[in-house]
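Observations on the three-dimensional arrangement
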Amino acid sequence: MDLETSRKWDEAARGYDLMNGFGPEWRWAPWKRRLFSEMSGRVLFLAIGTGQDIQFFPPGREIVGLDISARMLAVATTRAHAYEGSLELRRLDVHDLDYPDGSFDQVFTSCTFCSVPDPVGGLKAVRRVLKQGGTLGMFEHTRSRLFPFGVMLEVMTLLTRRFGPEMNRDTVTNVARAGFTNVRVEPVYLDVVKIIRAVGPG
Ligand SMILES: C[S@@+](CC[C@H](N)C(=O)[O-])C[C@H]1O[C@@H](n2cnc3c(N)ncnc32)[C@H](O)[C@@H]1O
């Protein structure tokens, strides 16, 4: 367990719902609801944070929600209990996934690989626990090729990485570097916010 990262996100958990709970959730709700409606089989959700995404999960699914931060998970617990389906929460570092190979049909993420310290390593771990032909569905903000947003995100990252996410991650490339195939990108906002879909072990 990466204790430094865990502590950073425990700190962030204090004001997380206040910062993130209204504008962003309202704005991205239709995209998230549509992406998560694709959930089927045994699903791993990374990283569940305070559980704000649970409201967008379709009912009746079998989901394991992971996060490295105990404080995030403490807030998520009430939301998880209200979910009409099977939703198990676990404190786990994505780099230390303790599931056997091929344990899940699908993995979903939401603003996760802006925050995981070693994104390619984390994505390789995710790929390992996917079944043959299993799929990855991500709602992520990434670096942008558009001027001036790309430059702005680089500068913002100097500050944001100290207490939260990195704004300049090339997550689409990282997904391919981790060995996923058939990587498809659905743009959501300004080459920054994206839905990324990919296929795991062949
Ligand atoms: C920006 S927050 C997103 C939370 C949630 N998905 C949402 O959209 O509200 C990033 C989350 O990643 C988690 N995280 C960071 N590094 C992690 C790791 N190595 N393993 C598991 N979770 C991690 C943090 O604890 C935090 O909850």
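About the cut-offs
Residues numbered from 1 in each chain as written. Predicted model: local features only at pLDDT ≥ 70, side-chain atom pairs only at ≥ 80, totals over all residues. Heavy atoms only, no water. Salt bridge = Lys/Arg side-chain N within 4 Å of Asp/Glu carboxyl O. Helix = DSSP H or I, 4+ residues; strand = E, 2+ residues; numbered from the N terminus. Buried < 20%, exposed > 50% of the residue type's maximum accessible area, 1.4 Å probe, protein only. Pairing = 2+ DSSP bridges. Right-handed = clockwise from strand over helix to strand, strands pointing away. Polar contact = N/O pair within 3.5 Å; in protein donor to acceptor, adjacent residues only side chain to side chain.

Applying the stated criterion to the full structure yields 13 salt bridges. One salt bridge in this structure joins D17 and R79, with 3.0 Å as the shortest N-O distance. Here the residue D17 occupies a position in helix 1 (residues 3-20), and R79 occupies one in helix 3 (residues 70-82), the gap between them amounting to 62 residues. What makes R79 partly exposed here is its relative accessible area of 32%. Between E186 and R197 there is a salt bridge, with the nearest N and O atoms lying 3.0 Å from each other. Taken as a pair, E186 in strand 6 (residues 181-189) and R197 in strand 7 (residues 193-199) lie far apart in primary sequence, 11 residues in all. When sorted by exposure, E186 lands in the same class as R197, which is buried. By sharing partners, the salt bridges in this structure join R34, E38, E186 and R197 into a single network.

Turning our attention to the pairing of strand 5 (residues 130-141). Bridge count between strand 4 (residues 104-110) and strand 5: 6 bridges; the pairing is parallel. Bridged to F104 within strand 5 is L130. Handedness of the crossover is the feature at issue here: the chain leaves strand 4, passes through helix 4 (residues 119-129), returns alongside strand 5, and the resulting connection is right-handed.

With that settled, the discussion passes to the environment of E140. Along the chain, E140 turns up in strand 5. Residues E140 and I196, spaced 56 residues apart in sequence, show a C-alpha to C-alpha distance of 7.6 Å. A distance of 2.7 Å separates polar atoms of two side chains, one belonging to E140 and the other to T109. Within the local environment of E140, its side chain forms a polar contact with the backbone nitrogen of F113, the two atoms lying 3.1 Å apart.

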